[in-house]
Amino acid sequence: MDSDQIKSMIEAGMPDAQVQVEGDGSHFQALVICDSFAGKNMVQQHQMVYQTLGDAMKEAIHALSLRTLTPEGWEEAKKRPF
């Protein structure tokens, strides 16, 4: 499993999402920006992403660090330094 495959799986399951994925083949980081996250807490947002990955989360992906935001949340985050 590589970053492009994970990105494609998330985009297929969440067509309105903007997705960036980086990783080394077993450990990955993903930024997912999606209108569908509105009104949901972080756990619910992460569950939505995990659903798109299905069994790959158990078998092919060793670790996935997620950052999930609405488009509005992303605009706010860009204004603040990490």
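Help me get a handle on the pattern of salt bridges, residues and values and all.
One pass over the full model with this rule turns up four salt bridges. In this structure, Glu75 and Lys78 form a salt bridge, with 3.1 Å as the shortest nitrogen-oxygen distance. Residue Glu75 and its partner Lys78 are both found in helix H4 (residues 71–79); the two are separated by three residues, about one turn of the helix. With a relative accessible area of 48%, Lys78 lands in the partly exposed category. Where Lys79 meets Glu76, a salt bridge forms, and the shortest distance between an N and an O atom there is 3.3 Å. Here Lys79 pairs with Glu76, and both are found in helix H4, just three residues apart, close to one helical turn. Using a relative accessible area of 63% as the deciding quantity, one classes Lys79 as exposed.

Conventions we followed
- Residues numbered from 1 in each chain as written.
- Predicted model: local features only at pLDDT ≥ 70, side-chain atom pairs only at ≥ 80, totals over all residues.
- Heavy atoms only, no water.
- Salt bridge = Lys/Arg side-chain N within 4 Å of Asp/Glu carboxyl O.
- Helix = DSSP H or I, 4+ residues; strand = E, 2+ residues; numbered from the N terminus.
- Buried < 20%, exposed > 50% of the residue type's maximum accessible area, 1.4 Å probe, protein only.

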